[in-house]
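Geometric and topological summary
Take a look at the letters that make up each chain.
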Amino acid sequence: MTDVQLGMPQLPPPDYPADVRARLEADADEVIARYPDSRSALLPLLHLVQAEEGHVTRTGMRFCAEKLGLTTAEVTAVATFYTMYRRKPGGDYQVGVCTNTLCAVLGGDAIFDTLKRHLGVGNGETTGDGKVTLEHIECNAACDYAPVVMVNWEFFDNQTPESALRLVDDLRAGRPVEPTRGAPLCTYKETARILAGFPDQRPGAVEASGGAGPASLVGLRLARGETGPARVGPPRGEPPQDERPPEHPSSHDAPQPTSASDPEHPSGPVTEEGEG
Ligand code: FES
């Protein structure tokens, strides 16, 4: 028979110190005012309290509940559902290795194993210096650039075990690290505040962009009715496709020929109305 530990009911969590509470109140009111229904502000408010302490504490959930007129049970249900909310203290840098299918077979599993050994931590654990929390993550819609590593949700594309080792060593040593695309890197708490909806004040951060890769955009081009042959990006180390001579389109990117036994449905690019 399995032991059941009932435990003692938890006491209500303490409130924030008065000065912290006053600051968070002002920020929370600004966020809540953006929504016609205050409870819609729960996700950004959870990021706000995460920006304060580095993870969502019981005090933070109490604060959210009080501000939004929700029960702590309702707030807890949301905070525990989304993996972007930490439920325990973590490092300044959340290093996520994509181990979803495509990244895994292209090296994500090897990267994750290498980092676990090198850092001496397991999934969801933090290095002793408080710098890096390692976790495996699901697909981040960056499969064009597999295997992908994310640091505080910024992309580090086309990684290898060696490049990932350099990345975490640089993070721990405080050396500058540049994401492959998108905004510059900042700490986990700073990232959480941006996710709460406050302006990113860093020079160049808003202008920085990083679009999806060619393979991800094929469906968009076909949906727009563009007739040119769609191709996937070049293998690593080769020049971009625009600089290469034309070649056969990928078998899964281009409109496929309709079977001769189905003359009623000729093939062709798909329009937004879904007609060929
Ligand atoms: S499988 Fe890794 S980003 Fe899609």
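That block above? That's the structure.
Residues numbered from 1 in each chain as written. Predicted model: local features only at pLDDT ≥ 70, side-chain atom pairs only at ≥ 80, totals over all residues.

1. Considerations on the overall build of the protein chain
- A count of helices and strands for the protein chain gives 8 helices and 5 strands.
- Ordering the α and β elements of the protein chain from the N terminus gives α-α-α-α-β-α-β-β-β-β-α-α-α.
- Out of the 276 residues belonging to the protein chain, those deemed buried represent 25%.
- Sequence separation of 24 or more characterises 57% of the internal contacts of the protein chain that already satisfy a separation of 6 or more. (Helix = DSSP H or I, 4+ residues; strand = E, 2+ residues; numbered from the N terminus. Buried ≥ 20, exposed ≤ 12 C-beta atoms within 10 Å, placed from the backbone. Contact = placed C-beta atoms within 7 Å.)

2. Observations concerning the nonpolar core
- Of all hydrophobic cores here, the largest spans 44 residues; its most connected members are Leu45, Cys64 and Val149.
- Here this core gathers at least three residues from each of two domains, domain 1 (18-79) and domain 2 (90-269).
- If we skip the residues at most four places from it in the chain, Cys64 touches Leu42, Leu45, Leu46, Val49 and Val75. (Core = buried A, V, L, I, M, F, W, Y, C linked by C-beta atoms within 7 Å. Domains from an automatic or database assignment.)

3. Looking at helix α7 (residues 188-195)
- Within α7, the full set of buried residues consists of Tyr188, Thr191 and Ala192. Down the axis of α7, the sector holding all buried residues measures 100°, keeping them to one side.
- Looking at the buried residues of α7, the elements they touch are α2 (42-53) and β1 (93-98).
- In the stretch just after α7, Gly197 is the one whose phi turns positive, near 110°. (Arc of directions from axis to C-beta.)

4. Details of the packing of α2 against α7
- Here α2 crosses α7 at 155°, and the two axes come no closer than 8 Å. As summarised for this structure, α2 and α7 are arranged roughly antiparallel, according to the angle between their axes. Classified by chirality, the crossing of α7 by α2 is left-handed. For the pair formed by α2 and α7, the contact residues are His47, Gln50 and Ala51 on the first element and Lys189, Ala192, Arg193 and Leu195 on the second. (Axes fitted to C-alpha atoms, helices over the stretch in contact; angles between N-to-C directions. Parallel < 35°, antiparallel > 145°, perpendicular 65-115°, else oblique. Left-handed = near helix turned anticlockwise from the far one by under 90°.)

5. Concerning the sheet that holds strand β5 (residues 154-156)
- A sheet is described by the order of its strands in space; here 5 strands give the open sequence β2-β3-β1-β4-β5, paired in mixed fashion. Single-partner strands in this sheet number two, and they are β2 (125-126) and β5.
- Pairing geometry for β1 and strand β3 (residues 132-137), over 6 bridges, is parallel. Within the sheet, the bridge partner assigned to Val97 lies in β3 and is His136. (Pairing = 2+ DSSP bridges.)

6. A closer look at the packing of α2 against helix α3 (residues 58-68)
- Where α2 meets α3, the axes come as close as 9 Å, and the angle between the chain directions of the two elements is 145°. Helix-helix and strand crossings are classified by hand; for α2 and α3 the assignment is right-handed. On α3, the residues touching Leu42, Leu45, Leu46, Val49, Glu52 and Glu53 of α2 are Gly60, Phe63, Cys64, Lys67 and Leu68.
- Its residues assigned to classes, the contact of α2 with α3 comprises 7 nonpolar, 1 polar and 3 charged. (Nonpolar A, V, L, I, M, F, W, Y, C, P; charged D, E, K, R; others polar.)

7. Examining helix α1 (residues 18-32)
- Counted at 1.5 Å a residue, the expected span for α1 with its 15 residues is 21 Å, and the 20 Å between its end C-alpha atoms agrees.
- Of all the positions in α1, only Leu24, Ala28 and Val31 are classed as buried. Each buried residue of α1 lies within a common arc of 50° when the element is viewed along its axis, so the set occupies one face. The outward face of α1, more than 90 degrees from its buried face, is lined by the exposed residues Ala18, Asp19, Ala22, Ala26 and Asp29.
- For α1, the elements touching its buried residues are α2 and α3. (Expected span 1.5 Å × (residues − 1).)

8. Some thoughts on the environment of Asp200
- Summarising the element assignment, Asp200 is placed in the loop between α7 and α8 (214-223).
- Here Asp200 falls in the partly exposed class, since 16 other C-beta atoms lie within 10 Å of it.
- Spatially, the C-alpha atoms of Asp200 and Glu190 are 9.1 Å apart, while their sequence positions differ by 10 residues.
- Setting aside residues up to four positions removed in sequence, Asp200 forms contacts with Ala183, Ile194, Ala205 and Val206.

9. A closer look at unusual backbone geometry
- Backbone torsion omega between Ala146 and Pro147 reads -5°, so that peptide bond is classified as cis.
- Within the secondary structure layout, Pro147 lies in the loop between β3 and β4 (149-151).
- For Asn152, which is not glycine, the phi dihedral falls at a positive 50°.
- Tracing the chain through its elements places Asn152 in the loop between β4 and β5.

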